[in-house]
Amino acid sequence: EAYPYWKKAYELCPHNSRYSLLSDGTALMRRQIQSAVSESEKADFLESLMMLYAERIEFWPKYGVTSMNTLALDAYNYMKEDKERLLQILDYVVENNGSQTRASVIAYRMSVAIDLYNQGRLSSDECIRIYETGMECLNSAVVKSDVDRRVVEETKDNLKKLYQSSGIAGGS
C-alpha cells in the first residue's frame, strides 16, 4: 500500500517541489475513496482530493487546464449526491478553462443543472446561462483531430437535446 508512504512525503516535502507529489496523490486519493469503509472516511478522502487539486492548480499553473478538467471529472464521479457543490465545481472549471474545457465536463454540467432545476433548486435563468456558456465553449473549442471534432459535435447535439427536452426554455 503506497498511501502511507505518500502521506509521509506529502507531510515532509514542500508541495510545490514536485508535480508528481500532487498528481500521484490524486491517484492515491481516488483509490482511498473507492476503498473507504465508511461514508465519513470517504468524505475525508474526498476533501483531501479536492485540496490536492487546489494545490495542483495553484503551484503548477502550467498544468492548470488538465488539472481542472480532471478535477471536474472526479467531482462528477464522487459528488453526485451533493449536486449544488458539484455544480459549483463544474461552473468553476468551465469559467476558468473556457474553450479548453473537456466536452464531457460541459455535458455533465448541463445534466446536473437540469437535475437541480427539476428538483426546484435552480432557476430556469441559471440553466439557460449554463446552456449558453456550454455552447459558447463548444463552438470555440480548438479541435486537433477528427475524433475531437466528432466528440464536440456530438456533445453539442446532446446538449441541445437535453436542453430542449428539459422544458427549461419554456420556463416550466
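Residues numbered from 1 in each chain as written. Predicted model: local features only at pLDDT ≥ 70, side-chain atom pairs only at ≥ 80, totals over all residues. Heavy atoms only, no water.

S.K.: Quick question: what am I supposed to make of the confidence of the model for the protein here?
M.R.: Do not read the fine detail of predicted coordinates wherever pLDDT is low. For the protein, the mean per-residue pLDDT works out to 94, and 98% of the residues sit at or above 70. Within the protein, no element has a lower average pLDDT than helix α1 (residues 3-12), which sits at 92, and none a higher one than helix α5 (residues 83-97), at 98. (pLDDT = per-residue confidence, 0-100. Helix = DSSP H or I, 4+ residues; strand = E, 2+ residues; numbered from the N terminus.)

S.K.: Hey, could you run me through α5 in this one?
M.R.: Since there are 3.6 residues in each turn of an α-helix, residues three or four apart along the chain are aligned in direction. With 15 residues, α5 ought to run about 21 Å at 1.5 Å a step, and its terminal C-alpha atoms sit 21 Å apart, in line with that. Lys83, Leu86, Leu87, Ile89, Leu90, Asp91, Val93, Val94 and Asn97 are the residues of α5 that are buried. Buried residues along α5 sit against α3 (39-59), α4 (64-78), α6 (103-118) and α7 (124-139). Note on α5: the residue one or two positions beyond its end, Gly98, has a positive phi of about 50 degrees. (Expected span 1.5 Å × (residues − 1). Buried < 20%, exposed > 50% of the residue type's maximum accessible area, 1.4 Å probe, protein only. Contact = heavy atoms within 4.5 Å.)

S.K.: Quick question: what am I supposed to make of the side chain of Lys156 here?
M.R.: Along the chain, Lys156 turns up in helix α8 (residues 146-166). In contact with Lys156, not counting residues within four places along its chain, are Met135, Leu138 and Asn139.

S.K.: Looking at this model, I keep getting lost on the environment of Lys42. Mind explaining?
M.R.: Along the chain, Lys42 falls in helix α3. For the pair Lys42 and Tyr78, spaced 36 residues apart in sequence, the C-alpha separation works out to 9.3 Å. If near-sequence neighbours (up to four positions away) are discounted, Lys42 is found in contact with Ile33 and Ala36.

S.K.: It is not clear to me how the packing of aromatic side chains should be interpreted in this structure. Could you clarify?
M.R.: For the coordinates displayed, the defined rule picks out 7 aromatic pairs. Judged by centre distance (5.9 Å) and plane angle (75 degrees), the rings of Tyr19 and Trp60 are edge-to-face. Separated by 41 residues along the polypeptide, Tyr19 in helix α2 (residues 19-34) and Trp60 in the loop between α3 and α4 bring together distant segments of the chain. Ring plane angle 10 degrees and centroid distance 4.0 Å describe the contact between Tyr131 and Tyr163, whose orientation is recorded as stacked. One end of the pair, Tyr131, is in helix α7; the other, Tyr163, is in helix α8, and 32 residues separate them in sequence. A relative accessible area of 15% means that Tyr131 is categorised as buried. Each residue in the set Tyr3, Trp6, Tyr10 and Phe45 is aromatic and connected to the rest through ring pairs, giving one cluster. (Phe/Tyr/Trp six-rings, centres within 6.5 Å; stacked < 30°, edge-to-face > 60°.)

S.K.: Would you explain the side chain of Asn97 in this entry?
M.R.: Checked against the element boundaries, Asn97 lands in helix α5. Classification of Asn97 as buried rests on a relative accessible area of 5%. Residues within four places of Asn97 in sequence aside, it is in contact with Gly64, Val65, Met68 and Asn69.

S.K.: Honestly, the packing of α1 against α2 in this entry has me stumped. Any pointers?
M.R.: For any two helices packed against each other, the geometry comes down to the angle between their axes and how far apart the axes lie. In the contact formed by α1 and α2, the axes pass within 10 Å of each other and the chain directions differ by 140 degrees. On the basis of the axis angle, α1 is oblique to α2. Taken as a pair, α1 and α2 cross one another with a handedness that is left-handed. Within the contact between the two elements, α1 uses Tyr3, Trp6, Ala9 and Tyr10 and α2 uses Leu21, Leu22, Asp24, Gly25, Leu28, Met29 and Gln32. The residue makeup of the contact of α1 with α2, split by class, is 8 nonpolar, 2 polar and 1 charged. (Axes fitted to C-alpha atoms, helices over the stretch in contact; angles between N-to-C directions. Parallel < 35°, antiparallel > 145°, perpendicular 65-115°, else oblique. Left-handed = near helix turned anticlockwise from the far one by under 90°. Nonpolar A, V, L, I, M, F, W, Y, C, P; charged D, E, K, R; others polar.)

S.K.: Please clarify how the nonpolar core should be interpreted in this entry.
M.R.: Within the largest apolar cluster, 49 residues are counted, with the highest numbers of intra-cluster contacts made by Trp6, Leu49, Met50 and Met110. When residues of this core are traced back to their parent elements, those giving at least two are α1, α2, α3, α4, α5, α6, α7 and α8. Broken down by element, the residue count for this core peaks at 9 residues, all from α6. Once residues lying within four places of it in the same chain are set aside, the contact partners of Met50 are Leu71, Met79, Arg85 and Ile89. (Core = buried A, V, L, I, M, F, W, Y, C linked by side-chain atoms within 4.5 Å.)

S.K.: Can you walk me through the environment of Ser67 in this structure?
M.R.: Assignment of secondary structure puts Ser67 in helix α4. As a C-alpha pair, Ser67 and Arg56 span 11 residues in sequence and 6.8 Å in three-dimensional space. Setting aside residues no more than four positions away along its own chain, Ser67 makes contact with Tyr19, Tyr53, Arg56 and Ile57.

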